[in-house]
Amino acid sequence: MMAHDIQKHDSNSTNVLHSLAAGAIAGALAKSTIAPLDRTKINFQISQEPYSGRAALKFLCDTYAKDGFIWLWRGNTATMTRIIPYAAIQFTAFEQWRKLLEVDSLNTKNNGGLKFLSGSLAGVTSQTLTYPLDLARARMAVSTKNDYKSLGDVFKKTFKVEGIKGFYRGYVPTILGIIPYAGTSFFTYGSLKSFMKEKHGYENTVVNLACGAVAGMAGQSSSYPLDIIRRKMQTSIITGINYSNLRTTFIMIYK
């Protein structure tokens, strides 16, 4: 019995390490690939300029012409510093929450709610542990060299001007947003994979990629308004507009 418990513990530890590594690599590759587009998104989220495909392309071209190709990835170091532990923790937390809630138990029927809950809890866990890095990444993405020279400079100036509280500016809308985002993403991804495997017998890289794409769109769409609110709150010290709390920011955006 003791040997069985030790073996089970070792197996779970190995699974955790595998989830950490897989999540970290997946997060790093995904975010690095779309970094210029992500930077463009944040720029339009915090500005008063209306978005259009032409305006987005102009932003990318102007950035390239003014600062060079590498500048399109400005803030990506902060993104990597944040996304590697974030994605690693999120994927691992999801697997552990699934086990804790017995999502895959044979006795659990119609477990869609538990899948959603597992994803939401995983998102809250990872977002809470890495939030200051997300704030630093957002500020670097929309700032210039004169504002922040490096990731360390962001932390130094944020602490000096705003104190510890400054590192969690926008935390409330972030958590409110991550609940539907992570829950919907993991639920959609898992449900689509199961459907394709059970109904059509498909399970390969292309199918996984397609399921992930649909899950990402569903998750992002479900929480996007709150994503705009958190970005405006995170970068208010740069834009000079006082987005002090969730309610005030919501009303100002609506007006």
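Residues numbered from 1 in each chain as written. Predicted model: local features only at pLDDT ≥ 70, side-chain atom pairs only at ≥ 80, totals over all residues. Heavy atoms only, no water.

**Student:** Whenever I open this one, the UniProt feature "repeat: Solcar" (unreviewed entry) in the protein confuses me. Can you help?
**Tutor:** Sequence positions flagged by UniProt for "repeat: Solcar" (unreviewed entry) are, in local numbering, residues 14-100, 110-195 and 203-255. Split by type, residues 14-100 is 84% helix and 0% strand. Its first and last C-alpha atoms lie 17 Å apart. For residues 203-255, the end-to-end C-alpha separation is 47 Å, with 81% helix and 0% strand making up the annotated structure. (UniProt positions renumbered as here; feature names shortened; annotations may be inferred. Helix = DSSP H or I, 4+ residues; strand = E, 2+ residues; numbered from the N terminus.)

**Student:** How should the packing of aromatic side chains be read in this particular structure?
**Tutor:** Aromatic ring pairs are reported here in terms of the distance separating the ring centres and the angle at which the planes meet. What the rule picks out here adds up to 9 aromatic pairs. Measuring from centroid to centroid gives 5.1 Å for Phe69 and Trp73, while their planes differ by 50 degrees, and the two rings are tilted. Assessed through its relative accessible area of 48%, Phe69 is described here as partly exposed. With a centroid separation of 5.9 Å and 20 degrees between ring planes, the pair formed by Tyr131 and Tyr168 is classed as stacked. Within this pair, whereas Tyr131 is found in helix H4 (residues 112-141), its partner Tyr168 is found in the loop between helix H5 (151-162) and helix H6 (171-200), the two being separated by 37 residues in sequence. Judged by relative accessible area, Tyr168 falls into the partly exposed class, the value being 39%. (Phe/Tyr/Trp six-rings, centres within 6.5 Å; stacked < 30°, edge-to-face > 60°. Buried < 20%, exposed > 50% of the residue type's maximum accessible area, 1.4 Å probe, protein only.)

**Student:** Help me understand H5, please; the structure alone is not making it clear to me.
**Tutor:** Residue pairs three or four apart in sequence face the same way in an α-helix, which turns once every 3.6 residues. With 12 residues, H5 extends 16 Å between its outermost C-alpha atoms, agreeing within 8% with the 16 Å of an ideal straight helix rising 1.5 Å per residue. Buried within H5 we find Leu151, Asp153, Val154, Thr158 and Glu162. All buried residues of H5 lie within an arc of 150 degrees about the axis, which places them on one face of the element. Every exposed residue of H5 that faces more than 90 degrees away from the buried side is listed here: Lys156 and Lys160. Tucked into the core, H5 has its buried residues touching helix H3 (76-100), H4 and helix H8 (236-239). (Expected span 1.5 Å × (residues − 1). Arc of directions from axis to C-beta. Contact = heavy atoms within 4.5 Å.)

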